[in-house]
Amino acid sequence: MAQDVLDELSKTKDSPIDQQIQSLESKIQSLETKVNEDRFITIGIFVILFDGYLFEHMSNWGGPIALLVLEFVILLVLARKLKIEDVTMLSDKIINAVGVRNRN
């Protein structure tokens, strides 16, 4: 009996309210993605400006190179947290390429 009720409910079409809810959920997801991308770009711009100021005051090249590697790792982690797809795919490709080279 319960199975018949479930089958009947699953056959019914989505009501206009359900369709509107689905539409709003997709719009919210799209907005969250755009906000996260804007955050990541803003943080990236500040990192570039900070590096420009900091690199002028460093006397050797070791410090800037170490700082760039550290920032690169931090930005990759941030991109994963913010679910930035392009950066995540690129970092996965880089990690897989480095991993394949190290196995040989």
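As a starting point, this report considers the structure included with it. Owing to the predicted nature of the structure, the values given are computational and were not obtained by experimental measurement. (Residues numbered from 1 in each chain as written. Predicted model: local features only at pLDDT ≥ 70, side-chain atom pairs only at ≥ 80, totals over all residues. Heavy atoms only, no water.)

This paragraph deals with a nonpolar patch on the surface. A surface patch of nonpolar side chains, about 910 Å² in accessible area, is lined by Trp61, Ile65, Val69, Phe72, Val73, Val77, Leu90, Ile94 and Val98. Among the elements that make up the nonpolar patch, the one with the highest residue count is helix α3 (residues 62–81) (five residues). (Patch = residues over 30% accessible without salt bridge, like charges linked within 9 Å, V, L, I, M, F, W, Y side chains within 5 Å. Areas by Shrake-Rupley, 256 points an atom, 1.4 Å probe, with all protein chains shown as cover. Salt bridge = Lys/Arg side-chain N within 4 Å of Asp/Glu carboxyl O. Helix = DSSP H or I, 4+ residues; strand = E, 2+ residues; numbered from the N terminus.)

The terminal C-alpha atoms of α3 lie 29 Å apart, and with 20 residues this matches the ideal 28 Å at 1.5 Å per residue to within 8%. Turning to α3, its buried residues are Pro64, Leu67, Glu71, Leu76 and Ala79. Just beyond α3, the residue with positive phi is lysine 83, at close to 60 degrees. (Expected span 1.5 Å × (residues − 1). Buried < 20%, exposed > 50% of the residue type's maximum accessible area, 1.4 Å probe, protein only.)

A separate point is helix α2 (residues 16–56). Under the 1.5 Å per step criterion, the end-to-end length of α2 is 60 Å for 41 residues, consistent within 8% with the ideal 60 Å. If you check which residues of α2 are buried, you get Asn36, Phe40, Gly44, Val47 and Asp51.

Quick look at unusual backbone geometry now. Note on backbone geometry: most residues besides glycine have negative phi, and most peptide bonds are trans. One non-glycine residue with positive phi stands out, namely lysine 83, at about 60 degrees. In this structure, lysine 83 sits in the loop between α3 and α4 (85–103).

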